[in-house]
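Examining the three-dimensional arrangement
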Amino acid sequence: MTSDAPGRARALAHPDRAEIRLEQVLHALADPVRLSLVCTLAEAGEELPCSAFPVPVTKSTSTHHFRVLREAGVIHQVYRGTAKLNALRRADLDALFPGLLDVVLAARRSQELPARSGA
């Protein structure tokens, strides 16, 4: 497990690529709120602050969801000033589980289409 800056109190621990496990990734992606966070990051293609995510939960619950994603190795989080920025660890996930993220994101989009077209 590595952290962003060893001497800084606000550094966050992240699993190294070799420590990322499929069952933890699948568990993290199984929750609808967390999957929504990952979809937002994938669509953005860049780092986003926590405040950029439209989530229907309290701030403390949102923090929990981000932590689960980070500890599973799905996202990378770093403090920049007072903001916590989030980035999808696509390269690591694609290297370890080729195609998994694309399939999960495509399945999520296909399930959203009927709901959007019916509204």
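Residues numbered from 1 in each chain as written. Predicted model: local features only at pLDDT ≥ 70, side-chain atom pairs only at ≥ 80, totals over all residues. Heavy atoms only, no water.

Looking at an unreviewed UniProt entry, one finds the protein named Transcriptional regulator and attributed to Streptomyces triticirhizae.

1. Thoughts on the packing of aromatic side chains
Throughout the structure, instances matching the rule amount to one aromatic pair. Their ring planes at 70 degrees and their centres at 5.2 Å tell us that Phe53 and Phe66 sit as a pair that is edge-to-face. Of this pair, Phe53 sits in the loop between β3 (48-49) and α3 (59-72) while Phe66 sits in helix α3, and the two are 13 residues apart along the sequence. (Phe/Tyr/Trp six-rings, centres within 6.5 Å; stacked < 30°, edge-to-face > 60°. Helix = DSSP H or I, 4+ residues; strand = E, 2+ residues; numbered from the N terminus.)

2. Things to note about the pattern of salt bridges
All told, the structure shown has six salt bridges when counted by the stated rule. Put simply, Glu47 and Arg80 hold a salt bridge, and the shortest N to O gap is 2.6 Å. Note that Glu47 is positioned in the loop between α2 (32-44) and β3 and Arg80 in strand β4 (residues 75-80), a separation of 33 residues in sequence. Judged by relative accessible area, which is 33%, Glu47 ranks as partly exposed. Classification of Arg80 as partly exposed rests on a relative accessible area of 46%. Asp94 is the partner of Arg90 in a salt bridge, and the nearest nitrogen-oxygen pair spans 3.7 Å. With Arg90 and Asp94 both in helix α4 (residues 90-96), this residue pair falls four residues apart, about one helical turn. Through salt bridges with shared partners, one network takes in Arg17, Arg89 and Asp92. (Salt bridge = Lys/Arg side-chain N within 4 Å of Asp/Glu carboxyl O. Buried < 20%, exposed > 50% of the residue type's maximum accessible area, 1.4 Å probe, protein only.)

3. Remarks on the side chain of Asn86
Counting through the fold element by element, Asn86 comes out in strand β5 (residues 83-88). Within the local environment of Asn86, its side chain forms a polar contact with the side chain of Gln77, the two groups lying 2.7 Å apart. (Polar contact = N/O pair within 3.5 Å; in protein donor to acceptor, adjacent residues only side chain to side chain.)

4. Describing the sheet that holds β3
By way of backbone hydrogen bonds, the strands of a sheet pair with one another, either parallel or antiparallel. What the three strands build is an open sheet, ordered β3-β5-β4; its pairing is antiparallel. A strand with exactly one partner marks an edge of an open sheet, and here the two such strands are β3 and β4. Looking at chain direction, β3 and β5 are connected through two bridges and run antiparallel. Bridge pairing links Pro49 to Leu85 in β5. Lying on the sheet, α2 is in contact with β3, β4 and β5; it crosses β5 at an angle near 80 degrees. Packed on one face of the sheet, α3 meets β4 and β5 and runs near 120 degrees to β4. (Pairing = 2+ DSSP bridges. Contact = heavy atoms within 4.5 Å. Axes fitted to C-alpha atoms, helices over the stretch in contact; angles between N-to-C directions.)

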